[in-house]
Amino acid sequence: MTIYKDAQTAFMEELRCIIDAGETIEVRGETTRELRARLIEISNVRARHVIVPHRHNNVFASIAESMWVIYGRNDLDYLGAYLRRASDFSDDGVTWRAGYGPRLRDWNGVDQLSEVVKILRSDPASRRAVISIYDPDRDFVASRDIPCNNWLHFIVRDGHLDLHVAARSTDIWWGFSGINTFEWTLLLEMMARWLGHDPGRLVFFSSSLHLYERHFDKASQVVLAQPSSGELPNDESQARFDTDWERSSGEFEEWMRLEAQLRSGHELKQLECRLTDPLLIAYIRMIDVFWVAKRGADPDLLNQLIREVGDSGLTAAATEYFGRRHHQQH
Ligand SMILES: O=c1ccn([C@H]2C[C@H](O)[C@@H](COP(=O)(O)O)O2)c(=O)[nH]1
């Protein structure tokens, strides 16, 4: 297993390994470089931002998709507004058939997050707090969307909650760095709060970790760019998730209500915001920034809204996103 302190270092170093040692494999006519059976630890799960030149990460899409998954949704009306490629992975143009949300929150009526909370509250040393995502009943089919992340295991050791994830297939460029490390570190931070433990480490197993040929040039630039992760925001200046399990569904519902309002043309300052969770407040402010920018705000207002998010990691990620767009336009 290779141990990394944060998601960004994991992305850059694994990318370097793929470029140096990946095997060339063709899948459905696309050339990839692949490493198999990769085991990756991210030690500080709050350091989930990937702010690397040439990667062009969209932090707004990472937030929107992670909240969508953890709340239990799979509709494209929402996701497609943040992720342009979302419809490419849909069979019906309406949902993601294999979206993780409903599988996590409503697997034939079972809320797997709730079950994990119950198991680890009653027996903190338990080895049984498992979540299944892959479903043999539904997934041996021809589809644009077969779940890539298949199994999650929460385990409490030394007062810390760890999350072990097993994935069959991971695109290091869009999947690993764009969403998978973000969503699972976020879920781990939330679950740790619900159980009253400190968040421990994310351990991510990928059976096939790969890079598509269309990303080869950009990937070579990324590994040469060498951003210092010492410049990443420190933990203390970042908003934390701080809501009990019992109150979380109400907070999530309020967040989803506000998101729908922002998507339909309102601005956050016009709305009554009943959120109390510091991290969810920071995230909804980011969604506000996204829509205000999309509708053509002046740069001073945008900078002010970005500062008001009040989280150094999010501010850095948003600033990089808009700075890069500015460079591209000029
Ligand atoms: O959460 C996800 C979902 C998809 N993928 C990538 C992995 C593959 O490159 C592609 C799916 O292709 P198949 O493995 O199903 O062929 O999407 C991820 O990395 N993470």
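Residues numbered from 1 in each chain as written. Predicted model: local features only at pLDDT ≥ 70, side-chain atom pairs only at ≥ 80, totals over all residues. Heavy atoms only, no water.

K.L.:
Honestly, the site of the ligand in this entry has me stumped. Any pointers?
P.N.:
Every residue lining the ligand is accounted for by Arg28, Tyr100, Cys148, Asn149, Arg168, Ser169, Thr170, Asp171, Gly175, Asn180, His210 and Tyr212. In the environment of the ligand, an oxygen atom lies 2.7 Å from a nitrogen or oxygen atom belonging to the side chain of Ser169. Residue Tyr212 places a side-chain N or O atom 2.6 Å away from an oxygen atom belonging to the ligand. For the ligand, the protein covers 78% of the area, taking 460 Å² as the surface of the free molecule. Looking at the shell around the ligand, the elements with two or more residues in it are strand 6 (160-171), helix 7 (172-195) and strand 7 (198-212). (Near = heavy atom within 4 Å. Polar contact = N/O pair within 3.5 Å; in protein donor to acceptor, adjacent residues only side chain to side chain. Areas by Shrake-Rupley, 256 points an atom, 1.4 Å probe, with all protein chains shown as cover. Helix = DSSP H or I, 4+ residues; strand = E, 2+ residues; numbered from the N terminus.)

K.L.:
I'm lost on the pattern of salt bridges in this one. Help?
P.N.:
Applying the stated rule across the entire model yields 25 salt bridges. The partner of Arg201 in a salt bridge is Asp162, with the nearest N and O atoms 3.5 Å apart. Pair noted here: Arg201 is in strand 7 and Asp162 is in strand 6, with a separation of 39 residues, a long-range link. Given a relative accessible area of 27%, Arg201 falls into the partly exposed group. The exposure class of Asp162 is buried, given its relative accessible area of 11%. When salt bridges that share partners are traced, they join Asp91, Arg97, Arg103 and Asp139 into one network. (Salt bridge = Lys/Arg side-chain N within 4 Å of Asp/Glu carboxyl O. Buried < 20%, exposed > 50% of the residue type's maximum accessible area, 1.4 Å probe, protein only.)

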